[in-house]
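# Topology and contacts: notes
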Amino acid sequence: MSVRSWPGLVDLQVNGFHGFDVNSDDVTADTIVALTQALWAEGITSYLPTVITASEDRILHALQAIVQARRSDPLIAHSIAGIHVEGPSLSPEDGARGAHDAAQLRDPSIAELERWQQAADGLIRIVTLAPERAGALEYIAVAKAQGIRISIGHCAPALEQVREAIDAGASLSTHLGNGIHPMLPRHPNHLWAQLAADDLTAMFIADGHHLPADTLTAMIRAKGLQRSILTSDSAALAGCPPGRYSTPVGGDVTVADDGRLSLSGTGLLAGSGTSLRGCIEWALANLPFTEDEVLIMAASNPARMLRRPESSDPDRVDVDLDDGVHVRRVVVSQTTVFES
Ligand SMILES: [Zn+2]
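Residues numbered from 1 in each chain as written. Predicted model: local features only at pLDDT ≥ 70, side-chain atom pairs only at ≥ 80, totals over all residues. Heavy atoms only, no water.

## Some remarks on the state of the cysteines
In a disulfide, the sulfur atoms of two cysteines are covalently bonded to one another. Inclusion rule: Our working definition of a disulfide is a cysteine sulfur pair at a distance within 2.5 Å. For the exposure calls, accessible area comes from a 1.4 Å probe over protein chains only, and a residue counts as buried if that area is under 20% of its type's maximum, exposed if over 50%, partly exposed in between.
Scanning all chains against the criterion turns up zero disulfides. Not engaged in a disulfide, the cysteine Cys 240 finds its nearest cysteine sulfur in Cys 279; these two sulfurs lie 16 Å apart. In this structure Cys 240 comes out as buried when scored by relative accessible area, which is 19%.

What follows is the structure in structure tokens.
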């Protein structure tokens, strides 16, 4: 057996896992608690539940459920390191919009952000938006002043709009290489602009379906290890058996035998079918990066984004690396929360 002790894994984009859905109509504190426990079993000790494009009422409902879950237990509170709101100010264009509900897209509103933060007890850490939406630059500056990181994603900006967003304070790219038009001018385009921008740290979905191995390798090398973060973008159906399901993300989703999640009939990806543990397993098997380098991207870099330095965070995960990544023991805040 090849057992290793790793720092706790940190996932900045989690929509759900094992059937527990942050974005379902009827999400409750219990859903979020169960989701957190399911993620512990995968070695994820900190994460940002990710609330996607919806009506303001639905967004507020999800935020309140997350806050209530944190109040129920200090370990749950420790692991829910904040909240990521992905949308609703995204590009309406097909391809860039991904699986987000076109009917609920809207321009960024500082007043709405304030209502979110009130409902969320100030827990919002990341907002993903398209920088070309009207009012984005002022919104970015206000959010940054409140300690919220703005991430560029699901967008189709002109090059100068990327630069202006960075100047206003945007500091991240959301699942770079996805949520983008399938066809772009070869150069220049906003993908190269984001890759080249030293002020942007990039999140990448490393599930083996969203980005081919050579593409992801080249992107990580372009950004550098210190500016690269692996996320799962796991959907509620991640870890569920193959089949066809109805979801609030925007209709029917098919779970394929290999775990790929797609909008039925379109082939468009509908989030990822694996956890960050599964992403690490794929990365170790398919990318040219060492175990230490992968952990920089899956633990220490995302922890830094949460302003949670490793030295002050005692979370650990013991894994067995024989034939994959198998979680054996998970320690959160010096408490063992999972053993197998
Ligand atoms: Zn997305």
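On we go from here.
## A few points about the pairing of strand β7 (residues 124-129)
Here is the rule we go by: Secondary structure elements follow DSSP: runs of H or I of four or more residues count as helices, runs of E of two or more count as strands, with numbering from the N terminus. When DSSP locates at least two bridges between a pair of strands, those strands are taken to pair. The handedness rule is simple: strands pointing away from the viewer, and a clockwise path from the first strand over the helix to the second, make the crossover right-handed.
For β7, the tally of buried residues reaches five of six residues, placing the bulk of the element in the interior. As defined by bridge partners, strand β6 (residues 83-86) adjoins β7 across four bridges and the pair is classed as parallel. Across the sheet, the residue bridging to Glu 86 is Thr 128, located in β7. Taking the sense of rotation as the criterion, the β-α-β connection linking β6, helix α4 (residues 110-119) and β7 turns out right-handed. Pairing analysis gives four bridges linking β7 to strand β8 (residues 149-152), with the strands arranged parallel. Residue Val 127 lies in a different strand from β8, and its bridge partner there is Ile 150. Viewed along the sheet, the connection from β7 through helix α5 (residues 136-145) into β8 turns out right-handed.

## Observations concerning the sheet that holds strand β14 (residues 261-263)
Convention followed: To get an axis, fit a line to the C-alpha atoms, keeping to the stretch in contact for a helix; angles then go from 0 to 180 degrees between the N-to-C directions.
Spatial ordering of the open sheet is given by β12-β13-β14, a layout of three strands whose pairing is antiparallel. The sheet terminates laterally at β12 (243-247) and β14, the two strands that pair on one side only. Pairwise comparison of adjacent strand axes, ignoring direction, gives a mean angle of 30° for this sheet. For strand β13 (residues 251-255) and β14, the ladder comprises three bridges, and the chain directions are antiparallel. Counted as the bridge partner of Val 253 is Leu 263 from β14.

## A word on the nonpolar core
Nonpolar side chains in soluble globular proteins tend to be buried together. As a reminder of what qualifies: We define a nonpolar core as any set of buried Ala, Val, Leu, Ile, Met, Phe, Trp, Tyr and Cys residues linked to one another through side-chain atoms lying within 4.5 Å. Any pair of residues with heavy atoms lying within 4.5 Å of one another is described as a contacting pair.
Core analysis: the largest hydrophobic core is formed by 83 residues, its most contacted members being Ile 32, Leu 63, Ile 83, Trp 116, Ile 124 and Val 127. Setting aside its immediate chain neighbours within four residues, Ile 124 contacts Leu 63, Ile 83, Val 85, Trp 116, Gln 117 and Ile 148.

## Side note on the sheet that holds β8
The eight strands are arranged β2-β5-β6-β7-β8-β9-β10-β11 in an open sheet whose pairing can be described as parallel. At either margin of the open sheet sits one strand with a lone partner, and together these are β2 (9-14) and β11 (228-231). Against the sheet, helix α1 (residues 29-40) engages β2 and β5 (44-52), with an angle of about 135° to β5. Contacts from helix α2 (residues 56-71) reach β5, β6 and β7, with the element oriented near 160° to β5.

Shape descriptors only; they carry no functional weight alone.
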